[in-house]
Amino acid sequence: MATTKNQADPTFRNYTATSAQSYAKNRRGYPDELISLVIDRHTSSGGRLDVLLDLGCGPGTATRSLAPRFRHAVGADPGRSMIETARTVPCVTASGEPTTFVVCASDSISSIDALKRFSSDGTTHNTVDLITAGTSAHWFDFPDFYVEASKILRPGGSIIMWCTKGYYVDERTTPNAAKLQQLWQDFEDVVLKPYEMEGNRLTRGLYADLPLPWSEYPADENLDDQGRALLGAFQKSEFSRQVFNDGGHIGPDGKFLMSRRATFEQSRAMLGTASPVTRWREAHKEQLERGEVEDLVDKVFRESVELLEEVPEGRGRDWVEGGSAVVVMTIKKKKESA
């Protein structure tokens, strides 16, 4: 698969302090089932629970659930306001040590000074056991990220990346479910699509097209012999990509891995943190101020209420149950590094 450098996200990394705080308040954390799955994927193949690097951590959404499983933890994000917000809430590791939050992008993680404290030789080389990326890897620079990860991961260490896609109403509990689902699908496919970037499209594909260490990178990619050797340190045979609830299909347990019951007020606030929504609002700022257009989030929830009220059991209801599709991808570094 040929690939080029990913386009950096211009929205989250340029958040103001107020925007970062709103993101932290309105983005829910990840369920224990997903966090346990991540840890199991890492440890089942011999991964240690010593040093964690949560990359693209934002305000620490996933870090707060992962850090208590490790002796040491570092959260990194290119957005300064995101990191400043992350530092305002305590996040303690299994050893009682506070998590360190640093401003750093995916293509320079081997330069994180905080990691040197956990190494035996005062460098970042072979220091980290697990690198996680919760709904953030689609903004990374490839293959630079993998080259950098190869430098800091211990032999046998892991990269585990996951993301979610869409929202599927629970047909068993949602009145007028088919029409409501079609409304939300059109909102994603028609309203938001023109404001997506390549990273957003990668999440819609559940990372099926996310570059991997063994992808066919173009000849003009800035990869020297050392870089290609570092990419070769990853074990292709141990790669796994697990998909859950795609298309809204519920497993034998009758649950979504990422299930949510939320009021429209909660869902409205959370949807407002999505980068395509932010870009739509920026593009329509003057029209919104003049009252010429209805805010896209207000509109979809107004129409959702109208659909619920079409049937008796939906009248007066201001909440929905459902969940998102999830992909979890695991990449292992060879136990004997190249």
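Note that the coordinates shown come from a computational prediction; the quantities given were computed from them, not determined experimentally.

J.: Help me understand the overall build of the protein, please; the structure alone is not making it clear to me.
T.: In terms of regular secondary structure, the protein is built from 12 helices and eight strands. Radius of gyration (C-alpha) of the protein: 21 Å, near the 20 Å computed for a compact globule of 338 residues. Projected onto its principal axes, the C-alpha positions of the protein cover 65 × 45 × 40 Å. Here the protein holds 338 residues, and the buried ones make up 53% of them. Within the protein, contacts between residues at least 6 apart in sequence are counted, and of these 77% link residues at least 24 apart. Roughly 15,300 Å² of accessible area belongs to the protein as shown, and the carbon and sulfur atoms make up 47% of that amount.

J.: Mind showing me how you'd approach the environment of L115 here?
T.: Position of L115 among the secondary structure elements: in the loop between β3 (100-103) and β4 (128-134). It is 7.0 Å that separates the C-alpha atoms of L115 and T127, two residues lying 12 residues apart in sequence.

J.: Could you clarify how one ought to interpret the nonpolar core in this entry?
T.: One recurring pattern in soluble globular proteins is that nonpolar side chains are buried together. If you look at the biggest cluster of nonpolar residues, it comprises 43 residues, and the most contacted ones within it are I109, I112, I131, F145, Y146, I159 and M161. Looking at this core, the elements that each hand over two or more residues are β1 (51-55), β2 (72-77), β4, α5 (144-152), β5 (153-169), α8 (225-231) and β8 (319-332). Formed by 24 residues, the second largest nonpolar core is a distinct cluster that contains Y30, C57, A67 and V326.

J.: Explanation requested: the pattern of salt bridges in the structure shown.
T.: Counted under the stated rule, the structure contains 22 salt bridges. One salt bridge connects E148 with K151, and the closest N-O pair in it is separated by 3.0 Å. Pair noted here: E148 and K151 are both in helix α5, with a separation of three residues, about one helical turn. Across the salt bridge formed by R204 and D189, the nearest N and O atoms sit 3.0 Å from each other. Here the residue R204 occupies a position in helix α7 (residues 198-204), and D189 occupies one in helix α6 (residues 177-192), the gap between them amounting to 15 residues.

J.: Just to check I follow, could you spell out helix α12 (residues 296-308) for this structure?
T.: In an α-helix, one turn spans 3.6 residues, which is why side chains three or four residues apart end up on the same side. Taking 1.5 Å of rise per residue, the 13 residues of α12 would be expected to cover 18 Å, and the 19 Å separating its terminal C-alpha atoms lies within 8% of that figure. All of the buried residues in α12 are L296, V297, V300, F301, E303, S304, L307 and L308. Take α12 and look down its axis: the buried residues cluster within an arc of 160°, on one side only. Summarising the contacts, the buried residues of α12 are in contact with α6, α9 (264-271) and α10 (275-283). Residue D295 occupies the N-cap position of α12, its side-chain oxygen lying 3.0 Å from the main-chain nitrogen of V297.

J.: When you look at the environment of N245 in this model, what are you seeing that I'm missing?
T.: Counting through the fold element by element, N245 comes out in the loop between β6 (240-244) and β7 (258-263). Among all residues touching N245, those that are not within four sequence positions of it are Y168, I250, G251, K255, F256, L257, M258, S324 and A325.

J.: Sorry, what's going on with unusual backbone geometry here?
T.: Leave glycine aside and you will find that most residues have negative phi; peptide bonds, for their part, are mostly trans. Omega for the peptide link from F142 to P143 comes to 5°, which places this bond in the cis form. Within the element layout of this structure, P143 appears in the loop between β4 and α5. One non-glycine residue, L206, lies in the positive phi region at around 50°. On the secondary structure map, L206 appears in the loop between α7 and α8.

J.: What is the right way to look at the pairing of β1 in this model?
T.: Side chains on a regular strand alternate between the two faces of the sheet. In terms of burial, β1 is largely enclosed, as five of its five residues are buried. Burial along β1 is two-sided: the face carrying V51, L53 and L55 and the face carrying L52 and D54 are both buried. The pairing of β1 with β2 spans five bridges and is classified as parallel. Bridge pairing in β2 places L55 opposite A76. Relative to β4, β1 runs parallel, the two sharing three bridges. Within β4, the position partnered with D54 by the bridge is T132.

The rules we used
- Residues numbered from 1 in each chain as written.
- Predicted model: local features only at pLDDT ≥ 70, side-chain atom pairs only at ≥ 80, totals over all residues.
- Heavy atoms only, no water.
- Helix = DSSP H or I, 4+ residues; strand = E, 2+ residues; numbered from the N terminus.
- Rg over C-alpha atoms; globule rule 2.2 N^0.38 Å.
- Buried < 20%, exposed > 50% of the residue type's maximum accessible area, 1.4 Å probe, protein only.
- Contact = heavy atoms within 4.5 Å.
- Areas by Shrake-Rupley, 256 points an atom, 1.4 Å probe, with all protein chains shown as cover.
- Core = buried A, V, L, I, M, F, W, Y, C linked by side-chain atoms within 4.5 Å.
- Salt bridge = Lys/Arg side-chain N within 4 Å of Asp/Glu carboxyl O.
- Expected span 1.5 Å × (residues − 1).
- Arc of directions from axis to C-beta.
- Polar contact = N/O pair within 3.5 Å; in protein donor to acceptor, adjacent residues only side chain to side chain.
- Pairing = 2+ DSSP bridges.

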